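# Architecture and fold: a report
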Amino acid sequence: MLIYTLNAPIDDLVRAYPLREQALTAFEQAKLAHFHVEKRIFEYLGGRLAAKRLMQILFPRLAASDIEIQNLPSGQPKLYVQGKPQGSLSLSHSNGYAVAAFSADAGDFGVDLEKVEPRSNALLETFFTEHECQAIWAAPPEHRDLASTLVWSAKEAILKARGVGLGVDTRSINIALPHLSELARGRGTLMGFARDDGSVYRGIYHQSRGMVSTYCSTDLDLRLQQRRLDAAEDLDWFSPNIT
């Protein structure tokens, strides 16, 4: 499975689409009107605009209003281009950034973006499996925050891929952390396992700007083409050296 992904500051995305009535479809504008909390408006715009920007990079002739993101009953985003459903889409946001990931290949996947920060032992023991807790506690102190954030991010990505989100017990997914040398490098691969049906997931993760982004799929040939929308990087393609 080849996934195309864009990671961008939400402020930059909002500036790139100054006229909401041109960027959003009538359906999306109506959905936005239901939100009254500024943070929720900001996050909704971030996810939608990241997806539209990514699709316009891939297909330059598309207008933003040609692209519409709806939600399935499960909450999963569903992408429509000129009224027709297209591929698979996953969205996430954290700490002022949004990430959109798209694949034209068949199969489900999930993406999650998390700020790297400490997590208490009480939180770990509540939401993580015993195996995950032991692996995190065994990591050197300087890598422990990344390890716990990565486990949480991978869980969320897999639960999105399964179409259930955080509505189920997070301990139903068990994450095998990468080797310490790979963890210290801040990018690499990991494996996840669904405890109820035995499904195996491959994950790719990347740490940058104090956050970690994680992409997970049952397709063990998971590959990324990633683009980051940063003024300093001038929209250059960024391809992680992991396949």
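Residues numbered from 1 in each chain as written. Predicted model: local features only at pLDDT ≥ 70, side-chain atom pairs only at ≥ 80, totals over all residues. Heavy atoms only, no water.

This paragraph deals with the sheet that holds strand β9 (residues 187-194). The five strands are arranged β7-β11-β10-β9-β8 in an open sheet whose pairing can be described as antiparallel. The sheet is open, and its two edges are formed by β7 (109-115) and β8 (173-176), each paired on a single side. Pairwise comparison of adjacent strand axes, ignoring direction, gives a mean angle of 25 degrees for this sheet. Where helix α7 (residues 141-161) meets the sheet, its contacts fall on β7, β8, β9, β10 (200-208) and β11 (211-217), and the angle it forms with β7 comes to roughly 150 degrees. (Pairing = 2+ DSSP bridges. Helix = DSSP H or I, 4+ residues; strand = E, 2+ residues; numbered from the N terminus. Axes fitted to C-alpha atoms, helices over the stretch in contact; angles between N-to-C directions. Contact = heavy atoms within 4.5 Å.)

Relative to the assigned elements, R185 resides in helix α8 (residues 180-185). For R185, a relative accessible area of 54% puts it in the exposed group. Placed 22 residues apart in sequence, R185 and Q207 show a C-alpha to C-alpha distance of 8.7 Å. Looking at R185, its side chain comes within polar contact range of the main-chain oxygen of R187, at 3.3 Å. (Buried < 20%, exposed > 50% of the residue type's maximum accessible area, 1.4 Å probe, protein only. Polar contact = N/O pair within 3.5 Å; in protein donor to acceptor, adjacent residues only side chain to side chain.)

So, on to the sheet that holds strand β4 (residues 84-85). As summarised here, the arrangement of the three strands in space is β2-β3-β4, forming an open sheet in which the pairing is antiparallel. The sheet is open, and its two edges are formed by β2 (67-71) and β4, each paired on a single side. Inspection of the sheet shows β2 paired to strand β3 (residues 77-81) by five bridges, in the antiparallel sense. Note that in β3 the partner of I69 across the bridge is L79. Across the sheet, helix α4 (residues 38-58) touches β2 and β3, and the angle it forms with β2 is around 140 degrees.

Along a regular strand, successive side chains alternate from one face of the sheet to the other. Here strand β5 (residues 88-94) lies mainly inside the structure; six of its seven residues are buried. Examined bridge by bridge, β5 and strand β6 (residues 97-103) share seven bridges and lie antiparallel to one another. Bridging from a neighbouring strand, S90 pairs with A101 of β6. Counted between consecutive antiparallel strands, the loop separating β5 from β6 contains two residues, among which N95 sits at a positive phi close to 55 degrees.

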